[in-house]
Amino acid sequence: MTICIQKQDFDAGYEIKRLCAKNTNIGGVCSFIGLVRETQSGSSVKAMTLEHYAGMTEKQLVKIEEEALDRWPLEESLIIHRYGRMVPSEQIVLVVTASAHRKAAFESCEFLIDWLKTKAPFWKNEETPKGKEWVQARASDDMAADRWQK
Amino acid sequence: MTICIQKQDFDAGYEIKRLCAKNTNIGGVCSFIGLVRETQSGSSVKAMTLEHYAGMTEKQLVKIEEEALDRWPLEESLIIHRYGRMVPSEQIVLVVTASAHRKAAFESCEFLIDWLKTKAPFWKNEETPKGKEWVQARASDDMAADRWQK
Amino acid sequence: MKILYFAHFREKTNIAEETIDLPNDVTNVETLIDWLVERNDSFADAFVDREHVRVAVNQEHVEFDMPVKVDDEIAFFPPMTGG
Amino acid sequence: MKILYFAHFREKTNIAEETIDLPNDVTNVETLIDWLVERNDSFADAFVDREHVRVAVNQEHVEFDMPVKVDDEIAFFPPMTGG
């Protein structure tokens, strides 16, 4: 169970490999990488800057990872979330979950990313031809997060 | 859309990176890695040998990947499935799906692995202290695959 | 009381962080916002759409009826867009 | 007609692949299995639990009522356990 909030890029393959090394109980590893897309709601994005609430972010992420560990029989888990300025194709976030069985790995990975989208204190600011704009929260993301409510 | 049936191991990080390179429409990449577990239904596994039906495997995998592309708006997809003898912790299979949005990436990745578990012509033979045994198909895997029936 | 402003709250108020004395009549988040918007037009503008104001007290996401105390860290921000 | 045997079918029959002439009375998968189990005890044993026999004709998974022809590739195997 590891949380990293960092400015620098990450090597997803290295992180996945390191997470699973030597744990022979792992049968399935699910990972999700979020990337900066060039096209967002019709306009072209030159870059995106992610701002976050240092302190609160770490605190909230530790809590949500604990909840995931309560709900699913996970062997390992990892969240890396970047902040700062990124251009299209750059990696923003990595979530990795490892379990004996694939269902727990898939569900917990999706749970964590749905949660990050709506409950972690990050805000995206996009540079488009129209200027800089704060990305609006999306109802579909709220709905995705709500379905995990017990 | 790539299919590899191979004996040698793979580098998941390299494959994911290569798949997404230069495609700035990708917003989310979901991947699943299946590993050999040391403990299976109570007995300890020393090694596992995967046999497959060369020819049919490739044909079936191409079809199922096409079905995934029909059902979800995928930008890229990749399946690597190994055969031969593997020891605990070794990688068996890699499925990667990339889409503009995460929901399509998660669903199609889970669809492909559920399908591989039950419909791709692979058979696992485990070496345990009791001797070599063919792994029995599991009803839970059939149920997981059945929920994707249209 | 320490107050942090994120995203458009920081941009509109031109303040990232400030420390203020607990004003009279401020007992909870709602009354703190009432007090802030009286300061000037920038604050009034930042908080105009209260439905989209999110708040954390001591780094926990809370509702507007949450009591606030003199040594609290309060943060205002729009709905989150991480991931 | 080419017949392939996988997993325990290969082990029990001791045959991975064979080419046979299309026997009389064999019209579909079901009647082919009927003919095979008459060969000897190993074949009878391999196919004893027909509910767990899976078959492909020309590399397509099919049911037992699938017709078989002289130039087909038939494969017998247990339920798949890939992934």
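Below you will find a few notes about this structure. (Residues numbered from 1 in each chain as written. Chains lettered and ligands numbered in written order. Predicted model: local features only at pLDDT ≥ 70, side-chain atom pairs only at ≥ 80, totals over all residues. Heavy atoms only, no water.)

### Focus: the overall build of chain A
- Assigned secondary structure in chain A consists of four helices and ten strands.
- Mapped from its N terminus to its C terminus, chain A presents α and β elements in the order β-α-β-β-β-β-α-β-β-β-α-β-β-α.
- Since a compact globule built from 150 residues should have a radius of gyration of about 15 Å, the 16 Å found for chain A is in line with a globular shape.
- Dimensions of chain A, computed from the C-alpha atoms along their principal axes, are close to 50 × 35 × 30 Å.
- Of all 150 residues assigned to chain A, the portion counted as buried reaches 59%.
- A separation threshold of at least 6 residues defines the contact pool for chain A, and within that pool the share at least 24 residues apart is 77%.
- When the accessible surface of chain A is totalled, it reaches about 6400 Å², and 49% of it is carbon and sulfur.
- In chain A, the 21 positive side-chain charges and the 22 negative ones have mean positions that sit 2 Å from each other. (Helix = DSSP H or I, 4+ residues; strand = E, 2+ residues; numbered from the N terminus. Rg over C-alpha atoms; globule rule 2.2 N^0.38 Å. Buried < 20%, exposed > 50% of the residue type's maximum accessible area, 1.4 Å probe, protein only. Contact = heavy atoms within 4.5 Å. Areas by Shrake-Rupley, 256 points an atom, 1.4 Å probe, with all protein chains shown as cover. Lys, Arg positive; Asp, Glu negative; His and termini not counted. Charge placed at Lys NZ, Arg CZ, Asp CG, Glu CD.)

### Points about the packing of helix α3 (residues 102–119) of chain A against helix α4 (residues 139–146) of chain A
Residue and element names in this part refer to chain A.
- One way to put it is that α3 packs onto α4 with a least axis distance of 8 Å and a crossing angle of 130°. By the angle between their axes, α3 is oblique relative to α4. Regarding α3 and α4, the two cross each other, and that crossing is left-handed. In contact with Asp 114, Lys 117, Thr 118 and Lys 119 of α3, α4 contributes Asp 141, Asp 142, Ala 144 and Ala 145.
- Residue classes in the contact of α3 with α4 are distributed as two nonpolar, one polar and five charged. (Axes fitted to C-alpha atoms, helices over the stretch in contact; angles between N-to-C directions. Parallel < 35°, antiparallel > 145°, perpendicular 65-115°, else oblique. Left-handed = near helix turned anticlockwise from the far one by under 90°. Nonpolar A, V, L, I, M, F, W, Y, C, P; charged D, E, K, R; others polar.)

### Some thoughts on the sheet that holds strand β5 (residues 73–77) of chain C
- Here five strands make up an open sheet; going across it, the order is β2-β1-β5-β3-β4 (chain C) and the pairing mixed. For this open sheet the edge positions go to β2 (17–19) and β4 (60–62) of chain C, each flanked by a neighbour on one side alone. Strand-to-strand twist in this sheet, taken as the mean axis angle between neighbours without regard to direction, amounts to 25°.
- Where helix α2 (residues 56–71) of chain A meets the sheet, it contacts β3 (54–57), β4 and β5 of chain C, and its direction lies at approximately 90° from that of β4(C).
- Sitting on the sheet, helix α2 (residues 29–37) of chain C touches β1 (2–5), β2, β3, β4 and β5 of chain C, and the angle it makes with β5(C) is about 70°. (Pairing = 2+ DSSP bridges.)

### Some remarks on the environment of B:Asn125
- Summarising the element assignment, B:Asn125 is placed in strand β9 (residues 122–128).
- For the pair formed by B:Asn125 and B:Lys63, sequence separation is 62 residues and the distance between their alpha carbons is 26 Å.
- Those residues in contact with B:Asn125 that sit more than four places away from it in its chain are B:Ala47, B:Met48, B:Thr49, B:Lys132, B:Glu133, B:Trp134 and D:Glu11.

### A few points about the nonpolar core
- Membership of the largest hydrophobic core comes to 56 residues, with the highest contact counts inside it found for A:Phe106, A:Leu116, B:Phe106 and B:Leu116.
- Ignoring any residue separated from it by four or fewer positions in sequence, one finds A:Leu116 in contact with A:Leu61, A:Ile79, A:His81, A:Val93, A:Val95, C:Gly82 and C:Gly83.
- In terms of nonpolar packing, the next biggest core, distinct from the first, is built from 28 residues, A:Phe10, A:Leu19, A:Leu78 and A:Val96 among them. (Core = buried A, V, L, I, M, F, W, Y, C linked by side-chain atoms within 4.5 Å.)

### Remarks on the side chain of A:Ser108
- Position of A:Ser108 relative to the elements: it lies in helix α3.
- Looking at A:Ser108, its side chain comes within polar contact range of the main-chain oxygen of A:Ala105, at 3.3 Å. (Polar contact = N/O pair within 3.5 Å; in protein donor to acceptor, adjacent residues only side chain to side chain.)

### Observations concerning the arrangement of the chains
- For the three pairs of chains in contact, the largest share of contacts goes to chains A and B.
- Taking C-alpha atoms as the reference, chain A and chain D come no closer than 10 Å and do not contact one another.
- Separated in space, chain C and chain D share no contact, their closest pair of C-alpha atoms being 29 Å apart.

### Structural notes on the relation of the copies chain A and chain B
- For these two chains of identical sequence, chain A goes onto chain B by a turn of 180° and a shift of 0.0 Å along the axis, with RMSD 0.0 Å. Between the two chains, the operation in question is that of a two-fold axis. Within chain A, A:Gly13 has its C-alpha nearest the rotation axis, a separation of 1.6 Å.
- A symmetric contact is evident, with 100% of the interface residues of chain A recurring at the interface of chain B. (Least-squares fit on C-alpha atoms with pLDDT ≥ 70 in both.)

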